[in-house]
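# Descriptive analysis of the structure
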Amino acid sequence: MNTRPVTPRNHLPLFSRIVAAVIGGYLLASIATVFLSFILPASLPEAVLGATLFSFAIYTAAIIWVFAARNATRAWLGLLLPGAGLAAASFFLELAKGTA
């Protein structure tokens with residue numbers, strides 16, 4: 001019977017994916033909620049409610065993406081790149097709203 005010894009190095013990719021799924025997925029869903037609150041065509045309370053409800057689907061999709069990605073680096077990039085884009089778009093929408 002050929003078995004590998006269990007070392008912390010063997011568990012690092014799995015731990016990284018778990019952190020990406022829990023923390024990265026939550027941050028992506030939160031940023032998407034802010035962005036969707038800006039662009040949904042409804043009053044502010046209804047837009048926030050709709051965006052919050054949709055964020056549950058985004059969080060679920062992020063978790064699935066993290067564990068379906070080929071490696072942990074792609075999993076992190078798959079969360080960080082859309083998150084950065086949504087954050088930048090939300091920032092510029094907030095700036096545009098403040099000047100109008």
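For the structure, check the block above.
Here's a quick rundown of the structure. These figures come from a predicted structure and were not determined experimentally. (Residues numbered from 1 in each chain as written. Predicted model: local features only at pLDDT ≥ 70, side-chain atom pairs only at ≥ 80, totals over all residues. Heavy atoms only, no water.)

### So, the overall build of the protein
The cut-off we apply is this: Helix and strand labels come from DSSP, where a helix needs a run of H or I of at least four residues and a strand needs a run of E of at least two; each type is numbered from the N terminus. Note on exposure labels: buried denotes an accessible area under 20% of the residue type's maximum, exposed denotes more than 50%, and partly exposed covers the range between, all computed with a 1.4 Å probe on protein chains only. By definition in these notes, contact holds between two residues if any of their heavy atoms fall within 4.5 Å.
Within the protein one finds three helices and zero strands. Each helix (α) and strand (β) of the protein, taken in turn from the N terminus, gives the series α-α-α. Each of the 100 residues in the protein was classed as buried or not, and the buried ones make up 25%. In the protein, the proportion of contacts linking residues at least 24 apart, taken out of those at least 6 apart, comes to 70%.

### Side note on the pattern of salt bridges
Where charged atoms of side chains with opposite charge meet at close range, the side chains can pair. Where we set the bar: What makes a salt bridge here is a side-chain nitrogen of Lys or Arg within 4 Å of a carboxyl oxygen of Asp or Glu, nothing more.
Tallying each qualifying case throughout the model produces one salt bridge. When the shortest N-O distance is used, the salt bridge between E94 and K97 registers 3.6 Å. Of the two residues, E94 and K97 both sit in helix α3 (residues 72-99), three residues apart, roughly one turn of that helix. In this structure E94 comes out as partly exposed when scored by relative accessible area, which is 37%. For K97, a relative accessible area of 52% corresponds to the exposed category.

### A short note on the side chain of S55
Of note, S55 is situated in helix α2 (residues 44-68). Here S55 is in contact with A29 and T33, once residues within four sequence places are set aside.

### So, the nonpolar core
Applicable threshold: Working definition of a nonpolar core: buried Ala, Val, Leu, Ile, Met, Phe, Trp, Tyr and Cys residues. They are joined through side-chain atoms within 4.5 Å.
Counting 14 residues, the largest nonpolar core has L28, L36, I58, V66 and L79 as the members making the most contacts within it. Of all elements in the fold, only α1 (8-39), α2 and α3 reach the threshold of two or more residues within this core. It is α1 that provides the largest number of residues to this core, a total of seven residues. The contacts of L28, once residues within four sequence positions are left out, are I58, A62, L79, P82, G83 and L86.

### Some remarks on the side chain of T33
Note the cut-off: N or O atoms within 3.5 Å of each other form a polar contact, as long as, within protein, one can give a hydrogen and the other can take it, and as long as residues adjacent in sequence are counted only when both atoms are side-chain atoms.
Along the chain, T33 turns up in helix α1. The buried category is assigned to T33, whose relative accessible area is 14%. Within the local environment of T33, its side chain forms a polar contact with the backbone oxygen of A29, the two atoms lying 2.7 Å apart. When residues no more than four places from it in sequence are discounted, the contact partners of T33 are A51, T52 and S55.

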